[in-house]
Amino acid sequence: QVEGAERLAQTLDAAGTPLAAAADIRLHMGFDNWKDVQESPRPAMTNTAGTVWEYAFTVSTNYSKSIDWVFTDGAGSTWYSSGNWHAFMAPYYSP
């Protein structure tokens, strides 16, 4: 792990979403307002129980503003985004 970098886990309970029956869920994810989007391949989430999925990763010290993401199935044909999600990193952002 890079010094100063932090671990983060994205968790999704897909029950009641368009991805509820998906056998493979991926993250379409970028940083600092969609820079360096990870899409070839998109990060695969791990099914931890029933409809609950998780992906753990290290946030590079190159990023300091936000983690940006939406969820998709493995084929990229079904999306769950609610207009995109963002986690803002302190102390950069204060709503």
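Here's what I pulled together on the structure shown here. (Residues numbered from 1 in each chain as written. Predicted model: local features only at pLDDT ≥ 70, side-chain atom pairs only at ≥ 80, totals over all residues. Heavy atoms only, no water.)

So, the packing of aromatic side chains
Threshold: Centres within 6.5 Å make a pair out of two Phe, Tyr or Trp rings, where for Trp the six-membered ring is used; the pair is then stacked when the planes are under 30 degrees apart, edge-to-face when over 60, and tilted otherwise. Under the DSSP-based scheme used, a helix requires at least four consecutive residues in state H or I and a strand at least two consecutive residues in state E, with every element numbered from the N terminus. Under the scheme applied here, a residue whose accessible area is under 20% of the maximum for its type counts as buried, over 50% as exposed, and between as partly exposed, the area being computed with a 1.4 Å probe on protein chains only.
A complete count under the given rule lists 6 aromatic pairs for this structure. Between the aromatic rings of Phe31 and Tyr63, the centroid separation amounts to 4.4 Å while the plane-to-plane angle is 10°, which identifies the pairing as stacked. Note that Phe31 is positioned in strand β2 (residues 25–31) and Tyr63 in the loop between β5 (52–59) and β6 (66–73), a separation of 32 residues in sequence. We classify Phe31 as buried; its relative accessible area is 3%. Here a set of aromatic residues connected by ring pairs shows up, and it is made of Phe31, Tyr55, Phe57 and Tyr63.

Quick word on the sheet that holds β6
Applied cut-off: Paired strands, in this sense, are two strands between which DSSP finds at least two bridges. Between the N-to-C directions of two axes lies an angle of 0 to 180 degrees, each axis being a line fitted to C-alpha atoms and, for a helix, fitted only over the stretch in contact.
Taken together, 4 strands build an open sheet; the order of strands is β3-β2-β6-β7 and the sheet is antiparallel. Of all strands in the sheet, those bounded by a partner on one side alone are β3 (35–38) and β7 (79–88). Here the average twist between neighbouring strands, direction ignored, is 15°. Inspection of the sheet shows β6 paired to β7 by 6 bridges, in the antiparallel sense. Within β7, the position partnered with Ile67 by the bridge is Ala87.

Some points on the sheet that holds β5
With antiparallel pairing, the 3 strands of this open sheet are ordered in space as β1-β5-β4. For this open sheet the edge positions go to β1 (6–13) and β4 (46–49), each flanked by a neighbour on one side alone. If you compare each strand with its neighbour and ignore which way they point, the axes differ by 35° on average. With 8 bridges joining them, β1 and β5 adopt antiparallel strand pairing. Paired with Leu12 across the bridge in β5 is Trp53.

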